[in-house]
Amino acid sequence: MLTVYGVTRSRASRIIWLCHELDLPFKQVPVIQAYRLEDADAPGAPLNTRSESFLKLSPAGAIPVIQDGDLVLSESLACTLHLARRHGQPLGPADLVEDALMLQWSFYAATMIEPDALVILFNHRNGQAQPGAAQATVAHAAERLVRPLRVIEDHLARHGHMVGGRFTVADLNLAEVLRYAQGHGELMEPFPAVQAWLSDCQDRPAFRKMWQERLAEPE
Ligand SMILES: N[C@@H](CCC(=O)N[C@@H](CS)C(=O)NCC(=O)O)C(=O)O
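Within any chain, residue numbers begin from 1 and follow the written order of that chain's sequence. Note on the predicted model: pLDDT of at least 70 is required for a residue's local features to be given, and 80 or more for side-chain atom pairs to be given and counted; whole-chain, interface and lining totals, by contrast, use all residues. Note that the side-chain values use all heavy atoms of the structure and ignore hydrogens as well as water.

**Digging into the site of the ligand**
Link 1 in the chain: Throughout this document, a residue counts as near a molecule or strand when at least one of its heavy atoms sits within 4 Å of that molecule or strand. Lining the immediate environment of the ligand, one finds 13 residues, of which Arg11, Thr49, Ile63, Glu75 and Ser76 sit closest.
Link 2 in the chain: One nitrogen or oxygen atom from the side chain of Ser76 is found 2.7 Å from an oxygen atom belonging to the ligand.
Link 3 in the chain: Calculation of accessible area relied on Shrake-Rupley with a 1.4 Å probe; when residues are assessed, cover is drawn exclusively from the protein chains displayed. Contact with the protein chains hides 75% of the accessible area of the ligand, taken as 510 Å² for the molecule alone. N or O atoms closer than or at 3.5 Å make up a polar contact, with two conditions inside protein: a donor-capable atom paired with an acceptor-capable one, and, for residues adjacent in sequence, both atoms drawn from side chains.

Here it is as structure tokens:
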């Protein structure tokens with residue numbers, strides 16, 4: 001059986017959402033981020049990203065990691081792409097062209113969107129930048145996100161989805177990354193196609209199931 005290492009309040013959410021989409025049974029080992037613990041190295045500390053046994057699986061000390069048969073794989077987007085490919089359509093690619101496009105949009109999400117979207121997530125609460133230096137940091141991140149959001153808006157307005165005119169792993173990967181910037185209303189407001197698509201993605205039963213599980217975990 002597939003094993004997913006990582007709490008749901010982490011990028012493991014991407015893999016868990018996909019598993020629910022695919023009705024794929026999996027075992028979850030709730031490895032937690034070391035930075036969320038008071039003393040990650042204390043005897044009796046929960047299994048975390050600095051635990052020796054976990055570092056054997058992930059020398060980078062990062063969740064999520066999956067074990068699928070003999071394959072141990074890290075990098076959340078590589079994990080979702082692998083599982084979607086393995087389980088095929090409709091979430092996975094129908095052919096090499098779709099496969100290439102799914103990779104393209106996943107790399108676009110990871111490189112052109114995620115770093116700035118994370119800045120917004122960590123410095124922006126309840127629709128407001130946190131006071132002080134965070135305001136300038138959030139403003140710069142939002143400014144840098146306008147261009148990729150225009151690209152996605154234009155693509156979605158013409159095609160409805162990222163690849164193949166249907167919901168696929170490319171939508172899932174991008175939606176999970178864009179979620180980090182979603183709370184910034186002023187940034188998202190000029191992009192109605194992105195907002196409608198994101199809301200459809202998050203209305204899917206598999207997303208909702210993952211989200212309930214995530215909320216049930218301690219903050
Ligand atoms: N690019 C990696 C990033 C992995 C990552 O940074 N994970 C965070 C949690 S979402 C983590 O494990 N941090 C561990 C720590 O800082 O202790 C991916 O997409 O999987």
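**A few points about the UniProt feature "domain: GST N-terminal" (unreviewed entry) in the protein**
Link 1 in the chain: Those residues carrying the UniProt feature "domain: GST N-terminal" (unreviewed entry) are residues 1-91 in this numbering.
Link 2 in the chain: Secondary structure elements are defined from DSSP: runs of H or I of at least 4 residues count as helices, runs of E of at least 2 residues count as strands, and each element is numbered from the N terminus. Secondary structure across residues 1-91 divides into 32% helix and 18% strand, with the first and last C-alpha atoms of the span separated by 20 Å. UniProt positions are given in the numbering used here, feature names are shortened, and annotations may be inferred rather than shown by experiment.

**What about the environment of Gly44?**
Link 1 in the chain: Residue placement: Gly44 occurs in the loop between strand S2 (26-29) and helix H2 (52-57).
Link 2 in the chain: Sequence-wise, Gly44 and Pro218 are 174 residues apart; in three dimensions their C-alpha atoms are separated by 18 Å.

**A word on the nonpolar core**
Link 1 in the chain: Side-chain atoms within 4.5 Å are what join buried Ala, Val, Leu, Ile, Met, Phe, Trp, Tyr and Cys residues into a set we call a nonpolar core. Burial classification: accessible surface area is computed with a 1.4 Å probe over protein chains only, and a residue below 20% of its type maximum counts as buried, one above 50% as exposed, and the rest as partly exposed. Formed by 54 residues in total, the largest nonpolar core has its most connected members in Trp17, Ile113, Ile152, Met162, Val194 and Trp197.
Link 2 in the chain: Considering each element in turn, this core owes the most residues, 8 residues, to helix H4 (residues 96-123).
Link 3 in the chain: Note that the domain bounds reflect an automated or database-derived domain assignment. Domain assignment of the residues forming this core places at least three in each of domain 1 (2-87) and domain 2 (96-207).
Link 4 in the chain: In this view, Trp197 contacts Leu156, Gly160, Met162, Asp171, Leu174, Ala175 and Leu178; residues no more than four positions away in its chain are not counted.
Link 5 in the chain: Among the nonpolar cores identified, the runner-up in size contains 8 residues, and Val7, Val29, Val31 and Ile32 belong to it. Two residues qualify as a contact provided that any one of their heavy atoms is within 4.5 Å of a heavy atom in the partner residue.

**Some points on the side chain of Glu153**
Link 1 in the chain: By the element assignment, Glu153 lies in helix H5 (residues 133-159).
Link 2 in the chain: No salt bridge is formed by the buried Glu153; its nearest oppositely charged neighbour, Arg150, is found at 9.8 Å.
Link 3 in the chain: Not counting residues within four places of it along the chain, the set of residues in contact with Glu153 comprises Phe191, Pro192, Ala193 and Val194. His is not counted, nor are the chain ends, whereas Lys and Arg count as positive and Asp and Glu as negative. For this document, the term salt bridge refers to a Lys or Arg side-chain nitrogen within 4 Å of an Asp or Glu carboxyl oxygen.

**A few points about the pairing of strand S3 (residues 65-68)**
Link 1 in the chain: Sheet topology note: the strand S1 (residues 2-5)/S3 ladder contains 3 bridges and is antiparallel. Looking at the pairing, Thr3 lines up with Gln67 of S3.
Link 2 in the chain: Only strands that DSSP links by at least two bridges are regarded as paired with each other. Direction of pairing for S3 relative to strand S4 (residues 71-74): antiparallel, over a ladder of 4 bridges. If you follow Gln67 over to S4, its bridge partner there is Val72.
Link 3 in the chain: Counted between consecutive antiparallel strands, the loop separating S3 from S4 contains 2 residues, among which Gly69 sits at a positive phi close to 65°.

**Notes on the domain arrangement of the protein**
Many structure descriptions define interface size as the accessible area lost when the parts assemble.
Link 1 in the chain: When cut into domains, the protein gives domain 1 (2-87) and domain 2 (96-207).
Link 2 in the chain: Across the boundary between the two partners, domain 1 contributes 12 residues, which contact 20 residues of domain 2.
Link 3 in the chain: The contact between domain 1 and domain 2 buries some 1,500 Å² in all, and 64% of this surface belongs to carbon and sulfur atoms.
Link 4 in the chain: Throughout, buried area stands for the accessible area (probe radius 1.4 Å) lost by two parts on being put together, summed over both. Three residues, Arg14, Trp17 and Leu81, lead the burial of domain 1 against domain 2; their summed loss comes to 46% of the area buried on that side.
Link 5 in the chain: One can count 4 salt bridges joining domain 1 with domain 2.
Link 6 in the chain: A salt bridge links Arg14 to Glu114, with the nearest nitrogen and oxygen atoms 2.6 Å apart.
Link 7 in the chain: Taken together, the links from domain 1 to domain 2 amount to 8 residue pairs in polar contact (both at pLDDT 80 or more).
Link 8 in the chain: The biggest single contributor to the side of domain 1 that touches domain 2 is helix H1 (residues 12-22), with 6 residues.
Link 9 in the chain: Charged means Asp, Glu, Lys or Arg here, nonpolar means Ala, Val, Leu, Ile, Met, Phe, Trp, Tyr, Cys or Pro, and polar covers whatever is left, Gly included. For the side of domain 1 that touches domain 2, a count of residues per class yields 5 nonpolar, 3 polar and 4 charged.

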